[in-house]
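A structural walkthrough
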Protein chains: 2
Amino acid sequence: MGYWWVNHNKTFTQEIEGAYLWSPKRESNNSRSQFYENMRLASPNDVVFSFGRSTISYVGIVSEYAISAPKPTEFGAIGTNWGPEGWLLPVGWWPMPSPVRPKTLIPKLGALLPTKYSPIDPATGNGHQKAYLTEISQAVFSTIMRSGDPLGTWSNREEFRTEADPSMIGDRVDDTIEEAIIADDSLSATEKKQLVDARRGQGRFRMNLRRIERRCRVTGLENQTLLIASHIKPWRSCASSSERLDGSNGLLLAAHVDRLFDRGLITFSADGKIIVSPRAKRDDLHNLGLSEALNRDVGAFTPLQQKYLEYHRAEVFLEEDA
Amino acid sequence: MGYWWVNHNKTFTQEIEGAYLWSPKRESNNSRSQFYENMRLASPNDVVFSFGRSTISYVGIVSEYAISAPKPTEFGAIGTNWGPEGWLLPVGWWPMPSPVRPKTLIPKLGALLPTKYSPIDPATGNGHQKAYLTEISQAVFSTIMRSGDPLGTWSNREEFRTEADPSMIGDRVDDTIEEAIIADDSLSATEKKQLVDARRGQGRFRMNLRRIERRCRVTGLENQTLLIASHIKPWRSCASSSERLDGSNGLLLAAHVDRLFDRGLITFSADGKIIVSPRAKRDDLHNLGLSEALNRDVGAFTPLQQKYLEYHRAEVFLEEDA
């Protein structure tokens with residue numbers, strides 16, 4: 001289990017209410033940031049301290065790996081220099097019985113904080129402005145919890161974790177985009193329906209896709225009733241209507257393969273190899289009966305498909321950490 | 001490929017516009033009807049003549065096997081003596097270039113029509129009031145098509161079939177019910193959200209389910225990110241909010257297993273055996289890597305789960321024809 005600490009800065013309210021964390025993928029100068037890379041390292045059941053307004057008021061439990069998602073619309077004008085696509089990490093928040101000002105614990109905390117990428121200054125206890133998600137030790141976690149939850153009510157967190165249920169986060173992002181599409185006066189009723197259907201892998205998108213793909217490339221399944229019309233570049237991340245409806249932006253996949261692909265646990269190389277994420281657990285792939293199928297050559301992709309697959313490899317696929 | 005003929009009677013408009021056929025499951029005296037059993041025999045890519053107002057104006061292509069679904073709300077007061085739960089068969093309709101009055105073809109058709117369960121009287125050509133979905137021969141099909149589509153434009157039907165896309169029929173039924181839930185003044189905002197989330201296998205329903213089930217009983221998969229919280233008695237068919245949120249009305253299933261279970265291609269016996277529908281194709285199960293897993297004993301169910309499984313076996317599972 002991992003321990004994390006997030007400095008929300010301006011997005012505290014949105015991230016607590018929305019049950020997530022969101023960060024851009026890179027700095028505004030396009031360089032990598034360890035604080036953002038950490039979004040992809042956080043794993044289900046990891047815990048996160050929420051630090052905002054100089055106080056830790058919430059403890060969170062990560063419910064799923066981060067997904068690639070556009071900047072939440074509720075951020076409004078915040079972070080205009082951030083890239084439009086980032087990491088969205090679903091987190092269920094639990095209000096700490098006695099919110100903690102870490103500054104007051106510096107005598108104990110100072111020596112326990114990491115020397116690199118510390119969320120607060122180990123000497124003064126002031127928050128580091130540039131920090132976002134940072135890793136902390138179990139010792140830091142326990143020290144703060146003893147102060148913020150003296151009765152140890154946190155230990156009953158299994159109950160809490162299922163209560164919070166932030167696992168629909170992807171759906172919620174999609175819902176917001178769908179509402180915007182439906183409210184868009186520049187689109188006809190037919191176009192709106194096509195785009196909404198495309199989200200579910202149906203309608204015009206599925207029809208366009210079926211002109212290009214016939215079966216699940218991984219399992220060989222051909223039964224249309226059992227196949228999912230899966231977007232390569234996720235529906236929520238598409239830049240335009242034409243990307244959302246483009247048959248080249250899709251694959252027909254068996255439902256369990258679709259799930260792995262959607263979560264970035266598998267992707268495809270330009271030359272038709274299946275790439276398995278280091279995050280995918282061997283046991284899971286074995287239970288899914290895919291151990292052998294994942295060694296298959298899935299065949300050539302068209303140049304248009306390759307463009308979308310490049311996006312999937314870069315933005316959706318969960319790589320080893322940088 | 002199968003050939004069918006439906007006498008819509010009063011539901012012509014709704015069924016053509018909605019891209020489906022719907023029938024009750026049994027006669028009002030609860031006896032079986034071959035016309036209704038036929039709904040479960042129709043297979044994807046089978047063709048159907050739509051007969052209404054003494055005329056065949058549409059040819060349909062079945063896009064998926066029938067699903068168990070409540071009577072469409074757009075039927076309104078029609079069929080008040082029908083049971084509330086019936087068979088919904090997704091059909092894409094194609095307007096026939098020259099609508100055909102079968103009565104005018106009786107000299108040719110009479111001898112070709114079936115002796116039992118004929119849709120019209122082979123002598124007079126009058127529609128049989130009690131008939132709904134009936135099987136016809138390829139000869140009847142061709143005879144009518146030569147008259148209704150003399151230029152043979154029908155042969156380009158692959159294009160049409162994907163255009164029609166009635167495969168979202170289950171979603172559309174769910175959408176209608178969801179709208180009714182959202183408009184229901186007797187429910188609080190929290191209750192509405194719980195019910196809408198339950199449709200997607202999330203929120204309170206998933207939480208309740210996770211108190212009872214831990215893993216996919218078929219594959220052994222334990223990774224919550226990859227598991228679907230699947231209703232045993234379908235969400236759309238639940239009689240009450242409590243059934244929709246009841247953890248005992250669910251199973252955690254791997255996505256491909258969920259799909260087979262949802263489509264009635266597998267079910268479970270009271271003593272923990274997996275029952276595979278005669279409609280499930282061996283090739284598909286093999287491609288899904290499930291050939292072995294389906295022989296497993298999935299373990300005991302609670303009495304409450306058994307109640308819902310009884311419903312699934314009776315109403316959702318696709319049995320051999322009666």
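Everything below is about the structure printed above this text.
Attention here is on the structure that accompanies the text.

The rules behind these values
- Residues numbered from 1 in each chain as written.
- Chains lettered and ligands numbered in written order.
- Predicted model: local features only at pLDDT ≥ 70, side-chain atom pairs only at ≥ 80, totals over all residues.
- Heavy atoms only, no water.
- Helix = DSSP H or I, 4+ residues; strand = E, 2+ residues; numbered from the N terminus.
- Rg over C-alpha atoms; globule rule 2.2 N^0.38 Å.
- Buried < 20%, exposed > 50% of the residue type's maximum accessible area, 1.4 Å probe, protein only.
- Contact = heavy atoms within 4.5 Å.
- Buried area = accessible area lost by both parts, 1.4 Å probe.
- Salt bridge = Lys/Arg side-chain N within 4 Å of Asp/Glu carboxyl O.
- Polar contact = N/O pair within 3.5 Å; in protein donor to acceptor, adjacent residues only side chain to side chain.
- Nonpolar A, V, L, I, M, F, W, Y, C, P; charged D, E, K, R; others polar.
- Least-squares fit on C-alpha atoms with pLDDT ≥ 70 in both.
- Axes fitted to C-alpha atoms, helices over the stretch in contact; angles between N-to-C directions.
- Parallel < 35°, antiparallel > 145°, perpendicular 65-115°, else oblique.
- Left-handed = near helix turned anticlockwise from the far one by under 90°.
- Core = buried A, V, L, I, M, F, W, Y, C linked by side-chain atoms within 4.5 Å.
- Phe/Tyr/Trp six-rings, centres within 6.5 Å; stacked < 30°, edge-to-face > 60°.
- Lys NZ or Arg CZ within 6 Å of the ring centre and 35° of its normal.

Details of the overall build of chain A
What chain A contains, in helices and strands, is twelve helices and eleven strands. The C-alpha atoms of chain A give a radius of gyration of 21 Å, which matches the 20 Å a tight globule of 322 residues would have. Projected onto the principal axes, the alpha-carbon positions of chain A cover approximately 65 × 50 × 40 Å. When each of the 322 residues of chain A is scored for burial, the buried share is 57%.

Concerning the interface of chain A and chain B
Contacts between chain A and chain B engage 41 residues on the former and 41 residues on the latter. When the two sides are added together, the surface that chain A and chain B hide from each other amounts to roughly 3,500 Å², 51% of it contributed by carbon and sulfur. In this assembly, chain A and chain B are joined by zero salt bridges. Counting across the chain A and chain B interface gives six residue pairs in polar contact (both at pLDDT 80 or more). Put simply, the parts of the chain that give the side of chain A that touches chain B at least two residues each are α5 (157-164), α8 (203-210), β8 (227-231), α10 (255-262) and α11 (282-287) of chain A. Per-element accounting of the side of chain A that touches chain B gives the leading share, five residues, to α5 of chain A. For the side of chain A that touches chain B, a count of residues per class yields twelve nonpolar, twelve polar and 17 charged.

Comments concerning the relation of the copies chain A and chain B
Of the two same-sequence chains, chain A is brought onto chain B (RMSD 0.0 Å, axial shift 0.0 Å) by a rotation of 180°. In symmetry terms, the pair is related by a two-fold rotation axis. Both copies share a contact surface, since 98% of the interface residues of chain A are interface residues in chain B too.

Thoughts on the packing of helix α6 (residues 169-183) of chain B against helix α7 (residues 189-199) of chain B
All names here are of chain B. Where α6 meets α7, the axes come as close as 10 Å, and the angle between the chain directions of the two elements is 170°. Overall, the two elements α6 and α7 adopt an arrangement that is roughly antiparallel. Contact residues: Asp 171, Asp 174, Asp 175, Glu 178, Ile 181 and Ile 182 in α6; Lys 192, Leu 195, Val 196 and Arg 199 in α7. In the contact of α6 with α7, the residues fall into four nonpolar, no polar and six charged.

As for the side chain of Asp 284 of chain B
Tracing the backbone shows Asp 284 of chain B in helix α11 (residues 282-287). Within the local environment of Asp 284 of chain B, its side chain forms a polar contact with the side chain of Asn 223 of chain A, the two groups lying 2.8 Å apart. Discounting residues that sit within four places of it in the chain, Asp 284 of chain B has contacts with Leu 221, Asn 223 and Leu 226 of chain A.

Looking at the packing of α10 of chain A against helix α10 (residues 255-262) of chain B
Taken N-terminus to C-terminus, the directions of α10 of chain A and α10 of chain B make an angle of 140°; their axes are 6 Å apart at the nearest point. Looking at the two axes, α10 of chain A sits oblique to α10 of chain B. In this structure, α10 of chain A meets α10 of chain B at a crossing whose hand is right-handed. Where α10 of chain A approaches α10 of chain B, its residues Ala 255, His 256 and Arg 259 of chain A are matched on the opposing element by Ala 255, His 256 and Arg 259 of chain B. A breakdown of the residues in the contact of α10 of chain A with α10 of chain B according to their chemical character gives two nonpolar, two polar and two charged.

Quick notes on the nonpolar core
Membership of the largest hydrophobic core comes to 96 residues, with the highest contact counts inside it found for Val 218 and Phe 268 of chain A together with Val 218 and Phe 268 of chain B. For Val 218 of chain B, the residues in contact, after removing those within four places along its chain, are Val 257, Phe 268, Ile 274, Leu 290, Ala 293, Leu 294, Arg 296 and Val 298 of chain B.

Description of the packing of aromatic side chains
In total, this model carries 30 aromatic pairs over all chains according to the counting rule given. Considering the side-chain rings of Trp 22 of chain B and Phe 75 of chain B, the 5.8 Å spacing of their centres and the 90° angle between planes classify their relative orientation as edge-to-face. A residue pair is termed long-range when its members are at least 10 positions apart, and Trp 22 of chain B in strand β2 (residues 20-24) and Phe 75 of chain B in the loop between β5 (67-70) and β6 (85-100) qualify at 53 residues. For the pair Trp 22 of chain B and Phe 75 of chain B, a shared accessibility class is recorded, and that class is buried. Above the face of the Tyr 311 of chain A ring, Lys 233 of chain A is positioned so that its terminal group lies 4.7 Å from the ring centre. The side chain of Lys 25 of chain B reaches across the aromatic face of Trp 87 of chain B, ending 4.3 Å from its centre.

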